[in-house]
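# Examining the three-dimensional arrangement
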Amino acid sequence: DLLPGSPSDSARGADAATWTENQKKMTFVASHMSKSKERFATFHKRRSQQEEGWKDSQARSVVIMEAAELRCTDMQRELMESQRRRAFNSAQKRSEQQKVLREVEKEKQRVWEAYYQQ
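These numbers were taken from a predicted model, which means no experiment stands behind them. (Residues numbered from 1 in each chain as written. Predicted model: local features only at pLDDT ≥ 70, side-chain atom pairs only at ≥ 80, totals over all residues. Heavy atoms only, no water.)

Looking now at the overall build of the protein. Across its full length, the protein holds one helix and zero strands. The burial tally for the protein puts 1% of its 118 residues in the buried class. Counting every atom, the protein has about 11400 Å² of accessible surface; 57% of that belongs to carbon and sulfur. (Helix = DSSP H or I, 4+ residues; strand = E, 2+ residues; numbered from the N terminus. Buried < 20%, exposed > 50% of the residue type's maximum accessible area, 1.4 Å probe, protein only. Areas by Shrake-Rupley, 256 points an atom, 1.4 Å probe, with all protein chains shown as cover.)

This paragraph deals with a nonpolar patch on the surface. Together, F28, V29 and M33 line one region of the surface with nonpolar side chains, adding up to about 340 Å² of accessible area. Considering the arrangement of structural elements, one finds M33 in helix α1 (residues 9-117). A relative accessible area of 55% places M33 in the exposed class. (Patch = residues over 30% accessible without salt bridge, like charges linked within 9 Å, V, L, I, M, F, W, Y side chains within 5 Å. Salt bridge = Lys/Arg side-chain N within 4 Å of Asp/Glu carboxyl O.)

Let us look at the packing of aromatic side chains. For the structure shown, the criterion picks out three aromatic pairs. Their ring planes at 25° and their centres at 5.7 Å tell us that W112 and Y116 sit as a pair that is stacked. Remark: Y116 and W112 occur in helix α1; sequence separation between them is four residues, near one turn of the helix. By relative accessible area, which is 42% here, W112 ends up partly exposed. Exposure remark for Y116: the relative accessible area of 63% places this residue in the exposed category. (Phe/Tyr/Trp six-rings, centres within 6.5 Å; stacked < 30°, edge-to-face > 60°.)

Quick look at the structure:
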């Protein structure tokens, strides 16, 4: 059966075992690469979702800040207007009081003059 230089059954069996072992290693490597690829894909998908969420959050923050700035500007304008009104009213009241005081002083002066002329 055996010819010189031909592989024996045990050698053929060893080659088959090596081939099976190599097949297992290649299957393991392929599986590992596939899982790694899935992990990277999942990671990038989650990363993209987080970035989108962050961008949305930033956009909402900008809108909220702009609205707050508008409210602040309106409140400042209202405060300034209120202060102007109060200052105007105070000035009017002071002017009226000074006018009344001048009239009272004139009347007092007339009374004294009338008293001294008698």
